[in-house]
Amino acid sequence: MPKLGMESIRRKELIKATTSVMHESGLSEPTLAAICARAGLSSSSIVNHYFKSKQELLACTMHELAAGFLGEVSLRVGTAKSAIDRVRAIIDSTFAPSQCTPEAVSAWLWFWSRVPTNEAFAEIEQATETHVVGELKRALQDIVPMNDVDDVAEGVMALMYGFWLRFALDPKKIDVETARRITQNAVVSKLIVSGQNDAAAVLENQREG
């Protein structure tokens, strides 16, 4: 009989091995043989003891990746002291070290390339995006006019993901810290202007009243 807790340990080892193989093979489909070899297992059939299929292993790997990202968001947002600090925290989460290792970058790119054609991956991506956008909207409600919250949240997402992708595709041209700084500066500048315009509108209404 397997030792107590061995199944959980083995599953984590296989998920980690899957991420490593994705990094080594680029956008090619990782094989079970390569994954098992990386995990130090003698036969690919062993995977069937821990996952129903290769697809389940891949979906669990993406889920683990997404959970790591959302964990970064939760940790940073939980310690933020103001609304704008919460927005900054979400941006920092996108560029957190755990999300920018070579293995994490390769895995995210691999999964994103298949989201349009894989329902399981699409569901994980949608759930992740919904959570992050929700956190952004809750913070933005205290910064920008309510009518602008949705658009600003989508703009922040586009900047975060866009600059993360710029870094991922060519880290020699734009490193992770540069990508993070540009995103932070662009978003904060927009929020400050929006806040000033909102305050000016309130003052104007008060004068007219």
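Scroll up a little and you will see the structure.
Residues numbered from 1 in each chain as written. Predicted model: local features only at pLDDT ≥ 70, side-chain atom pairs only at ≥ 80, totals over all residues. Heavy atoms only, no water.

(A) The arrangement of the overall build of the protein chain in detail. What the protein chain contains, in helices and strands, is eight helices and zero strands. When the helices and strands of the protein chain are placed in sequence order, the string is α-α-α-α-α-α-α-α. Taken over 209 residues, the protein chain has a buried fraction of 38%. Excluding contacts between residues fewer than 6 apart, the proportion of contacts in the protein chain whose partners are at least 24 apart in sequence is 68%. (Helix = DSSP H or I, 4+ residues; strand = E, 2+ residues; numbered from the N terminus. Buried < 20%, exposed > 50% of the residue type's maximum accessible area, 1.4 Å probe, protein only. Contact = heavy atoms within 4.5 Å.)

(B) Examining helix H1 (residues 6-25) more closely. In this model H1 runs 28 Å from its N-terminal to its C-terminal C-alpha over 20 residues, within 8% of the 28 Å that 1.5 Å per residue would give. Considered for burial, the residues of H1 that qualify are Leu14, Ile15, Ala17, Thr18, Thr19, Ser20, Val21 and Met22. On its buried side, H1 packs onto helix H2 (32-39), helix H3 (54-79) and helix H5 (102-114). Gly26 sits one or two residues past H1 and shows a positive phi near 65°. (Expected span 1.5 Å × (residues − 1).)

(C) Spatial organisation of the pattern of salt bridges. Applying the stated rule across the entire model yields ten salt bridges. The salt bridge involving Arg38 is made with Glu24; its shortest N-O contact spans 1.8 Å. Taken as a pair, Arg38 in helix H2 and Glu24 in helix H1 lie far apart in primary sequence, 14 residues in all. A relative accessible area of 48% places Glu24 in the partly exposed class. The closest approach of N and O atoms between Arg180 and Asp92, which form a salt bridge, is 3.0 Å. You can see Arg180 sitting in helix H8 (residues 176-208) and its partner Asp92 sitting in helix H4 (residues 83-94), a full 88 residues away along the chain. Residue classification places Arg180 among the partly exposed positions, given a relative accessible area of 23%. (Salt bridge = Lys/Arg side-chain N within 4 Å of Asp/Glu carboxyl O.)

(D) Quick look at the packing of aromatic side chains. In the structure shown here, the tally under the stated rule is seven aromatic pairs. When the centroid spacing of 5.0 Å and the interplanar angle of 80° are considered together, the rings of Phe111 and Phe121 count as edge-to-face. Placement of the pair is Phe111 in helix H5 and Phe121 in helix H6 (residues 119-140), with a sequence separation of ten residues. Within the aromatic cluster, the residues linked to one another by ring pairs are Trp108, Trp112, Tyr161, Trp164 and Phe167. (Phe/Tyr/Trp six-rings, centres within 6.5 Å; stacked < 30°, edge-to-face > 60°.)

(E) Highlighting the nonpolar core. In this structure, Val87, Phe111, Phe121, Leu136, Leu140, Met160 and Leu191 are the most contacted members of the largest nonpolar core, which totals 47 residues. Elements represented by at least two residues in this core include exactly H3, H4, H5, H6, helix H7 (149-169) and H8. For this core, the element with the most residues is H7, which contributes eleven residues. Among residues more than four places away in sequence, those in contact with Phe121 are Gln55, Leu58, Ala59, Met62, Trp110, Phe111, Arg114 and Val115. Formed by twelve residues, the second largest nonpolar core is a distinct cluster that contains Ile15, Ala17, Cys36 and Tyr50. (Core = buried A, V, L, I, M, F, W, Y, C linked by side-chain atoms within 4.5 Å.)

(F) Structural detail: the environment of Glu177. Inspection of the secondary structure puts Glu177 in helix H8. Here Glu177 falls in the partly exposed class, since its relative accessible area comes to 39%. A C-alpha to C-alpha distance of 9.8 Å links Glu177 and Asp92, two positions 85 residues apart in sequence. Of the polar contacts made by the side chain of Glu177, one reaches the side chain of Arg180; its length is 2.8 Å. (Polar contact = N/O pair within 3.5 Å; in protein donor to acceptor, adjacent residues only side chain to side chain.)

(G) Structural context of the packing of H1 against H3. Two elements in contact, H1 and H3, have axes separated by 9 Å at closest approach and are oriented at 85°. Judged on the interaxial angle alone, H3 and H1 are roughly perpendicular. Contacts from Arg11, Leu14, Ile15, Thr18, Thr19 and Met22 of H1 reach H3 at Leu57, Leu58, Cys60, Thr61 and Glu64. In terms of residue class, the contact of H1 with H3 is built from six nonpolar, three polar and two charged. (Axes fitted to C-alpha atoms, helices over the stretch in contact; angles between N-to-C directions. Parallel < 35°, antiparallel > 145°, perpendicular 65-115°, else oblique. Nonpolar A, V, L, I, M, F, W, Y, C, P; charged D, E, K, R; others polar.)

Shape is all these values report; function is a separate question.
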